[in-house]
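Fold and geometry: a report
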Amino acid sequence: MARPLRQHPRVWTPLLLLLLTGPAACAASPADDGAGPGGRGPRGRARGDTGADEAVPRHDSSYGTFAGEFYDLRYLSEEGYPFPTAPPVDPFAKIKVDDCGKTKGCFRYGKPGCNAETCDYFLSYRMIGADVEFELSADTDGWVAVGFSSDKKMGGDDVMACVHDDNGRVRIQHFYNVGQWAKEIQRNPARDEEGVFENNRVTCRFKRPVNVPRDETIVDLHLSWYYLFAWGPAIQGSITRHDIDSPPASERVVSIYKYEDIFMPSAAYQTFSSPFCLLLIVALTFYLLMGTP
């Protein structure tokens, strides 16, 4: 009877150790991670093979490394110091009067030679694409407005007003004149609004579309209208009666496609421009020259 083959422990012990340590040994093999002289990198790339490195990116960065690099890029300046806090909103750009009559139309009311910062009232308009940009300024701490009217009288007018409220802000509001009373309209065609209250003046800038859907309270600006100019005080952000009893208005209808620079003297500078005063001056001059009989 044949004897069974004896399995010696020396044969099984190395085999068992190989099975237990095989995966770890493979994971740490220099052939896989490029360790050791002459080793090859991942996927058989030879060390120093830059072309292969560029073709197959390495994913050896951790989340911490990514977060650090993002912080350095987003929050640190070139000197390595944190950026300062966000700057304030851009200041209100001053109104340029040199463009009046050239690239925009202007109305000035006040002292001869006045500008947007010294006139009692100032208005400019210009076309920008499908919009009209308006700039208004007046010597008041309350509100400044322009009305679009089919006549030169107050009543049934589309009005845009810049109102200085108790919080120091200047808001653009839409009104409709019902007789001598201005009713605020919630539908406001203004956009790109900005305003400021400085040196006891309310100044603002805004745009509104040339063409609007048919509405009783909003006119189409591609048509010509009389412009009504008004300004006055405000109480808790609400407009009150204008400063002068008879606010100025344009002498003729205004077309937004025609740019003019029109000056209107205020009452203090109208004394010697009225026909009666001119006639009186001529009569006195003639009397002095001819002498008494």
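The following refers to the structure shown.

Calculation notes
Residues numbered from 1 in each chain as written. Predicted model: local features only at pLDDT ≥ 70, side-chain atom pairs only at ≥ 80, totals over all residues. Heavy atoms only, no water. Helix = DSSP H or I, 4+ residues; strand = E, 2+ residues; numbered from the N terminus. Contact = heavy atoms within 4.5 Å. Areas by Shrake-Rupley, 256 points an atom, 1.4 Å probe, with all protein chains shown as cover. Phe/Tyr/Trp six-rings, centres within 6.5 Å; stacked < 30°, edge-to-face > 60°. Buried < 20%, exposed > 50% of the residue type's maximum accessible area, 1.4 Å probe, protein only. Lys NZ or Arg CZ within 6 Å of the ring centre and 35° of its normal. Pairing = 2+ DSSP bridges. Disulfide = S-S within 2.5 Å. Salt bridge = Lys/Arg side-chain N within 4 Å of Asp/Glu carboxyl O. Core = buried A, V, L, I, M, F, W, Y, C linked by side-chain atoms within 4.5 Å. Polar contact = N/O pair within 3.5 Å; in protein donor to acceptor, adjacent residues only side chain to side chain. Axes fitted to C-alpha atoms, helices over the stretch in contact; angles between N-to-C directions.

Before going further, it helps to examine the overall build of the chain. When you go through the chain residue by residue, the secondary structure sums to five helices and 13 strands. Excluding contacts between residues fewer than 6 apart, the proportion of contacts in the chain whose partners are at least 24 apart in sequence is 52%. If you sum the accessible surface of the chain, you get close to 19800 Å²; carbon and sulfur atoms cover 58% of it.

Below, the discussion takes up the packing of aromatic side chains. Taken as a whole, this structure holds 10 aromatic pairs when the rule is applied. Ring centres of tyrosine 109 and tryptophan 231 lie 5.7 Å apart, and the angle between their planes is 55°; on these two criteria the pair is classed as tilted. Pair noted here: tyrosine 109 is in strand β1 (residues 105-110) and tryptophan 231 is in strand β10 (residues 226-232), with a separation of 122 residues, a long-range link. Classification of tyrosine 109 as buried rests on a relative accessible area of 9%. Since its relative accessible area comes to 7%, tryptophan 231 is described here as buried. Members of the aromatic cluster, each reached through a chain of ring pairs, are Phe107, Tyr109, Tyr121, Tyr125, Phe134, Phe148, Phe206, Tyr227, Phe229, Trp231 and Tyr259. Residue placement shows arginine 205 over the ring face of phenylalanine 92; its charged tip is 4.4 Å from the ring centre.

Judged from the four bridges that link them, strand β6 (residues 170-178) and strand β7 (residues 181-184) form a sheet pairing that is antiparallel. What sits directly across from tyrosine 176, in β7, is lysine 183.

This part takes up the state of the cysteines. Scanning all chains against the criterion turns up three disulfides. Residue pairing for cysteine 100: its cysteine sulfur links by disulfide to cysteine 106, the two sulfurs lying 2.0 Å apart. Residues cysteine 100 and cysteine 106 are joined by a disulfide whose S-S torsion is about -75°; by sign, that bridge is left-handed. Taking relative accessible area as the criterion, cysteine 100 reaches 7% and is therefore assigned buried. A relative accessible area of 0% places cysteine 106 in the buried class.

Our next topic: the pattern of salt bridges. A pair can form between side chains of opposite charge whenever their charged atoms are brought close. What the rule picks out here adds up to 15 salt bridges. Arginine 205 is the salt-bridge partner of glutamate 194, the closest N and O atoms lying 3.1 Å from each other. Here the residue glutamate 194 occupies a position in strand β8 (residues 191-198), and arginine 205 occupies one in strand β9 (residues 201-209), the gap between them amounting to 11 residues. Since its relative accessible area comes to 31%, glutamate 194 is described here as partly exposed. Judged by its relative accessible area of 7%, arginine 205 is buried.

Time to look at unusual backbone geometry. Residues other than glycine seldom take positive phi values, yet asparagine 199 does so here, at roughly 55°. In this structure, asparagine 199 sits in the loop between β8 and β9. We classify asparagine 199 as exposed; its relative accessible area is 74%. A positive phi is found at asparagine 200, a non-glycine position, where the angle reads about 60°. Turning to its location among the elements, asparagine 200 is positioned in the loop between β8 and β9.

In this structure, Tyr121 and Tyr227 are the most contacted members of the largest nonpolar core, which totals 30 residues. With four residues, strand β3 (residues 131-138) is the single largest residue contributor to this core. Ranked by size, the runner-up nonpolar core spans nine residues in total, among them Phe92, Ile95, Cys114 and Val196.

Okay, the side chain of histidine 164 next. Looking at the secondary structure, you find histidine 164 in strand β5 (residues 158-164). Here histidine 164 falls in the buried class, since its relative accessible area comes to 13%. Within the structure, histidine 164 has its side chain in polar contact with the backbone oxygen of aspartate 141 (distance 2.9 Å). With residues near it in sequence (within four places) discarded, histidine 164 still touches Asp141, Gly142, Arg169, Val170, Phe197, Val202, Ala234 and Gly237.

Let us look at the sheet that holds β10. A sheet is described by the order of its strands in space; here five strands give the open sequence β7-β6-β5-β4-β10, paired in antiparallel fashion. Where the open sheet ends on each side, the last strands, each with one partner, are β7 and β10. Adjacent strand axes in the sheet meet at a mean angle of 30°, parallel and antiparallel pairs treated alike. The pairing of strand β4 (residues 143-149) with β10 spans seven bridges and is antiparallel. From the neighbouring strand, valine 146 faces β10, where its bridge partner is phenylalanine 229.

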